[in-house]
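Residue-level structural notes
Here is what each chain is made of, one letter per residue.
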Amino acid sequence: MPFDLSKLLEERHGENFELHERYLNPKLTKVITTLGFDRFYQRGEGCYLYDDQGMRYLDLLSGFGVFALGRSHPVVKDALRQALDADLPNMVQMDCALLPGLLAEQLVTRSPQQIERAFFCNSGAEAVEAAIKFARASTKRHRILYHAHAYHGLTMGALALNGSAEFRSGFGPLMPDTTEVPLGDLDALKKELRRGDVAAFIVEPIQGKGVFELDAERWRALEAAVHEAGALFICDEVQTGLGRTGRFYAFERYGLSPDIITVSKALSGGFVPVGAMLSSDKIFRSVYSSMDRAMVHSTTFKGNQLAMVAGLATLSVFDDERIVEHASAMGDVWRTRLEELATRHEFLHEVRGQGQMIGVVFGPPTTPALRRRWRMVEATRSAMFSQTLVVPLFQRYKILTQVAADNMNVIKLLPPLIAAEAEIDLFVNALDELLTDTEQKVGWLVGFGLTMAKGVLRRTPSSKARVPS
Ligand SMILES: Cc1ncc(COP(=O)(O)O)c(C=O)c1O
């Protein structure tokens with residue numbers, strides 16, 4: 001019998017959690033069910049997800065930044081259908097296909113002039129792995145510097161550049177010759193550079209974990225120090241790139257000139273994994289230095305035609321729908337609306353981020369009664385307060401968000417870049433109501449506890465599914 005996707009989805013509907021528990025990662029299943037985030041999503045369109053009960057959810061995670069154009073963008077879908085119908089000669093390998101050339105041309109054209117070439121791969125972490133290797137080959141030095149709180153992926157090389165102990169722990173020994181620099185600490189950076197063995201400093205122009213920012217002057221001083229020491233400056237734009245922060249690249253905001261750029265997430269159009277490492281001809285020549293070494297860094301799926309089509313179609317939508325300009329304008333709206341909220345709610349301390357990458361920072365209030373409430377919540381687990389908001393935001397208001405990182409009272413918003421004032425209204429009004437509740441009703445915390453308990457007990461439409469133990 002030919003494969004029938006609709007039939008398969010219908011026949012096995014409701015087995016999601018049981019299958020994950022049995023064959024995938026049972027601890028993740030437990031997290032999702034405990035928080036009460038277990039739903040049976042059936043469709044995604046634009047900024048919204050729809051479940052099997054017909055409920056609509058505002059998606060302010062966008063697949064960790066993948067759905068820049070929203071879900072199921074018709075232009076990208078159509079481009080992929082065209083590619084499939086054309087029976088493209090995919091991954092011939094001993095060949096130079098047209099589409100990788102065209103996507104490389106697009107990316108190089110949108111990058112600063114020192115960026116001349118692209119290496120394609122399948123993920124953000126793979127792009128970072130390429131950056132590490134190219135930086136070492138071109139400088140003939142070993143050491144890579146990274147920032148505290150940095151996140152560049154979880155493969156072995158990228159993990160050695162991770163600034164959070166919880167990710168590193170248990171996997172050692174990690175790649176040697178990497179050193180953490182406190183965020184924006186110019187003196188610490190210069191001290192490391194003086195040793196003369198630094199190949200590169202890799203940075204996220206706005207950090208994903210916690211949405212931490214530096215000002216332009218600090219960024220330029222850091223970059224200048226790196227260049228003076230003969231090292232390379234790598235901007236990891238896997239999350240911030242392609243319009244997320246209201247510029248095509250976030251580093252443009254700070255006037256930086258990176259030697260290497262990594263991109264991924266949004267380039268996929270939300271359909272086909274793709275990553276790219278971009279740099280100069282000189283850096284490429286240090287790796288691909290002879291015909292013998294023409295494949296010395298490579299991966300089987302590097303020129304996957306579907307990924308290339310997804311990338312090309314995505315960039316065409318960026319131009320046609322003026323996605324970057326829209327993200328920039330919406331960034332101003334987010335800031336104005338959330339900063340106004342901060343004037344009325346003591347728990348809301350700060351709004352960080354740019355464009356459609358926003359960190360909403362919570363902290364202890366000044367009013368004694370509210371301060372006691374804060375301490376009570378935080379005594380259960382550090383940075384619990386933001387979790388007590390993320391859960392009802394989802395349960396009550398059907399808005400999907402996340403806590404920005406472990407041990408940080410920051411809610412991070414990564415909406416699709418097409419999100420507009422209607423979506424901002426939904427979030428701001430929901431947060432306003434929730435914060436008012438936390439200020440006025442002592443019972444809100446009990447409500448949160450009940451929600452969590454219900455999350456553990458609530459189960460599936462499928463009688464086959466088990467309650468996780
Ligand atoms: C800045 C940055 N670099 C690298 C990565 C890793 O990308 P991937 O998850 O595709 O491996 C991420 C993922 O969130 C990221 O935010």
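All values derive from a computational prediction rather than experimental measurement. (Residues numbered from 1 in each chain as written. Predicted model: local features only at pLDDT ≥ 70, side-chain atom pairs only at ≥ 80, totals over all residues.)

1. Here's the deal with the sheet that holds strand E15 (residues 410–413)
As summarised here, the arrangement of the 4 strands in space is E11-E12-E15-E14, forming an open sheet in which the pairing is antiparallel. Single-partner strands in this sheet number two, and they are strand E11 (348–354) and strand E14 (402–403). The strands that helix H14 (residues 323–344) touches are E11 and strand E12 (357–362); relative to E11, the one it contacts most, it runs at about 175 degrees. (Pairing = 2+ DSSP bridges. Helix = DSSP H or I, 4+ residues; strand = E, 2+ residues; numbered from the N terminus. Contact = placed C-beta atoms within 7 Å. Axes fitted to C-alpha atoms, helices over the stretch in contact; angles between N-to-C directions.)

2. Some remarks on helix H10 (residues 186–193)
Of all the positions in H10, only Leu189, Glu192 and Leu193 are classed as buried. Buried residues of H10 fall within an arc of 100 degrees about the axis and therefore sit on the same side. Of the residues in H10, the exposed ones pointing more than 90 degrees away from the buried face are Asp187 and Lys191. Check the buried side of H10 and you find it contacts strand E5 (143–147), strand E6 (178–181), strand E7 (198–203) and helix H11 (216–228). (Buried ≥ 20, exposed ≤ 12 C-beta atoms within 10 Å, placed from the backbone. Arc of directions from axis to C-beta.)

3. Describing the sheet that holds strand E8 (residues 232–236)
With mixed pairing, the 7 strands of this open sheet are ordered in space as E4-E10-E9-E8-E7-E5-E6. Both outer strands of the open sheet, strand E4 (117–121) and E6, are each paired with one neighbouring strand and no more. On average, each strand axis in the sheet is tilted by 20 degrees relative to the strand beside it, whichever way the strands run. Each of E4 and strand E10 (275–279) is contacted by helix H6 (residues 98–109), which is oriented at about 125 degrees to E4, the strand it contacts most.

4. Quick word on the environment of Val351
Along the chain, Val351 turns up in strand E11. Taking the C-alpha atoms as reference points, Val351 and His297, separated by 54 residues in sequence, lie 41 Å from one another. In this structure, Val351 is in contact with Arg335, Leu338, Glu339, Ala342, Ile358 and Val360, ignoring residues within four places of it in sequence.

5. Digging into the nonpolar core
Ala131, Ala135, Ala200, Phe201, Ile234, Ile260 and Ala276 are the most contacted members of the largest nonpolar core, which totals 121 residues. The element best represented in this core is helix H13 (residues 305–320), accounting for 9 residues. Two domains each donate at least three residues to this core, and these are domain 1 (21–59 + 323–457) and domain 2 (74–320). Apart from the residues lying within four places of it in its own chain, the contact partners of Phe201 are Leu145, Leu189, Val226, Ala231, Phe233 and Ile234. (Core = buried A, V, L, I, M, F, W, Y, C linked by C-beta atoms within 7 Å. Domains from an automatic or database assignment.)

6. Quick look at the domain arrangement of the protein chain
Taken domain by domain, the protein chain comprises domain 1 (21–59 + 323–457) and domain 2 (74–320). Placing the centre of domain 1 and that of domain 2 at their C-alpha centroids yields a distance of 30 Å. Contacts between the two partners involve 20 residues from domain 1 and, on the opposite side, 16 residues from domain 2. Those elements that place two or more of their residues in the side of domain 1 that touches domain 2 are H14, E11, E12 and E15.

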